[in-house]
Amino acid sequence: MTAEATPGAPTAPFGTVLTAMATAFAPDGSLDLESTQRIARHLVAHGHDGLVVSGTTGESPTTTPAEDGEVLAAVRDAVGPDIVLVAGVGTNDTRTSIGLAKQAAQAGADGLLLVTPYYNKPGQAGVLHHFRQVVGASDVPVMLYDVPGRTGTQLSLDSYAEVARWEQVLAVKDAVGDLARGVRISQLGLALYSGDDIANLGWLAHGAVGFVSVVGHVAGDQLRAMHDAHRAGRVGEALDIYTRMLPAIEAVMGVANYGATTAKASLELLGVLDNRRVRSPLLELDDTEVAALRTGLEAAGLLPA
């Protein structure tokens, strides 16, 4: 696993520009590992030093643990040993997450993405117990994922103070959106990654070390340029890049069922994929939604007009 140490900036233990990558499916709904590898190679060729597999955008709620293992192995084969691979292992069942963590460790994951348990909404003590069991199942470094809009549970600052003392927990992907709170989390020694593309530049200004993106499927080079410009102190240049990306960010994140659906449709428009298949209950974008997505990507200069 690589890490970046820019003078004056926090260490980025999992790289700086990561995308929670989509998982491709065949017409019968089974894994399409060849196309998944094509997505991974596309991302690495466009600004990424890390990838997250089997996250929500990878449709982890509808993939099996065995499929998650296949995806991780296939992506590692595609990108080689030098790209940071973070495996999503978070579920709302501690036993399942422990199994996923052990599987990811055996497959050579560089990190684990561990979301707060969703739907059953444990209290803070229950969340911490869940985290402790999963973190302790391997020696792989961990990035927590705080996304109360999806899980119904938000990690408290007291809980962050606790997990910051655990040697393996190095970072958090934040999709809470409270910038001041993020600064306090960083002060605890945890590296903060933006988990919300619309807030990426704002998070850099508040001490984030990088991104775990969705828009990175189509704008990886732009995310890399924005990150590097901001870190070098060229704040105006970073703002210009962000401003040019805005139509794409709004198009990718503006559909009610954004994520895997818009990522795959974007990849189809780029020619990386020849389809935009997703697993139910998600539905692939319809033609009207694809047309709106195309307009946004064209306005951002990511597709020829």
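An unreviewed UniProt entry lists the protein under the name 4-hydroxy-tetrahydrodipicolinate synthase, with Nocardioides kribbensis given as the organism. Within the UniProt record for the protein, the comment given under Function (unreviewed entry) is "Catalyzes the condensation of (S)-aspartate-beta-semialdehyde [(S)-ASA] and pyruvate to 4-hydroxy-tetrahydrodipicolinate (HTPA)." Recorded under Pathway (unreviewed entry), the UniProt text for the protein is reproduced unchanged: "Amino-acid biosynthesis; L-lysine biosynthesis via DAP pathway; (S)-tetrahydrodipicolinate from L-aspartate: step 3/4."

1. Comments concerning the nonpolar core
Counting residues in hydrophobic clusters, the biggest one holds 78 residues, and the most contacted among them are I39, L51, V75, L144, V163, M226 and L297. The dominant element in this core, judged by the number of residues it contributes, is helix α10 (residues 235-253), at eight residues. Excluding its chain neighbours within four sequence positions, the residues that come into contact with V75 are M21, T36, A40, L51, V53 and L85. A12, V84, M143 and V147 belong to the second largest nonpolar core, which has 17 residues in total.

2. A look at the UniProt feature "binding site: pyruvate" (unreviewed entry) in the protein
When the UniProt feature table is mapped onto this chain numbering, "binding site: pyruvate" (unreviewed entry) sits at T57 and V212. Spanning 156 residues, the named residues nonetheless gather at one spot, since no C-alpha pair among them exceeds 10.8 Å. Within the element layout of this structure, T57 appears in the loop between β2 (50-53) and α2 (65-79). Taking relative accessible area as the criterion, T57 reaches 9% and is therefore assigned buried. Relative to the helices and strands, V212 is located in strand β8 (residues 210-213). You can call V212 buried: its relative accessible area is 3%. Ignoring anything within four residues of it in the chain, the contact list for V212 reads L18, A20, V52, M143, K173, Y193, S194 and G195.

3. Here we look at the packing of helix α9 (residues 216-231) against α10
α10 packs onto α9 with a crossing angle of 160° between their chain directions and a minimal axis gap of 7 Å. Taken as axis vectors, α9 and α10 run roughly antiparallel relative to one another. The way α9 lies across α10 gives a crossing that is left-handed. Counted together, A219, Q222, L223, A225, M226, A229 and H230 of α9 and V235, E237, A238, I241, Y242 and M245 of α10 form the full contact between these two elements.

4. Looking at the pairing of β2
A regular strand places its side chains so that they alternate between the two faces of the sheet. Side chains of β2 alternate between two faces, with G50 and V52 and L51 and V53 buried alike. Pairing of strand β1 (residues 17-20) with β2, which is carried by three bridges, proceeds in the parallel orientation. Looking at the pairing, A20 lines up with V52 of β2. Considered for its hand, the β-α-β crossover made up of β1, helix α1 (residues 33-45) and β2 is right-handed. Bridge analysis of β2 against strand β3 (residues 84-88) gives four bridges, and the strand direction is parallel. Across the sheet, residue V52 finds its bridge partner in β3, namely V86. Note on the crossover from β2 through α2 to β3: the handedness is right-handed.

So, how was this worked out
- Residues numbered from 1 in each chain as written.
- Predicted model: local features only at pLDDT ≥ 70, side-chain atom pairs only at ≥ 80, totals over all residues.
- Heavy atoms only, no water.
- UniProt positions renumbered as here; feature names shortened; annotations may be inferred.
- Core = buried A, V, L, I, M, F, W, Y, C linked by side-chain atoms within 4.5 Å.
- Buried < 20%, exposed > 50% of the residue type's maximum accessible area, 1.4 Å probe, protein only.
- Helix = DSSP H or I, 4+ residues; strand = E, 2+ residues; numbered from the N terminus.
- Contact = heavy atoms within 4.5 Å.
- Axes fitted to C-alpha atoms, helices over the stretch in contact; angles between N-to-C directions.
- Parallel < 35°, antiparallel > 145°, perpendicular 65-115°, else oblique.
- Left-handed = near helix turned anticlockwise from the far one by under 90°.
- Pairing = 2+ DSSP bridges.
- Right-handed = clockwise from strand over helix to strand, strands pointing away.

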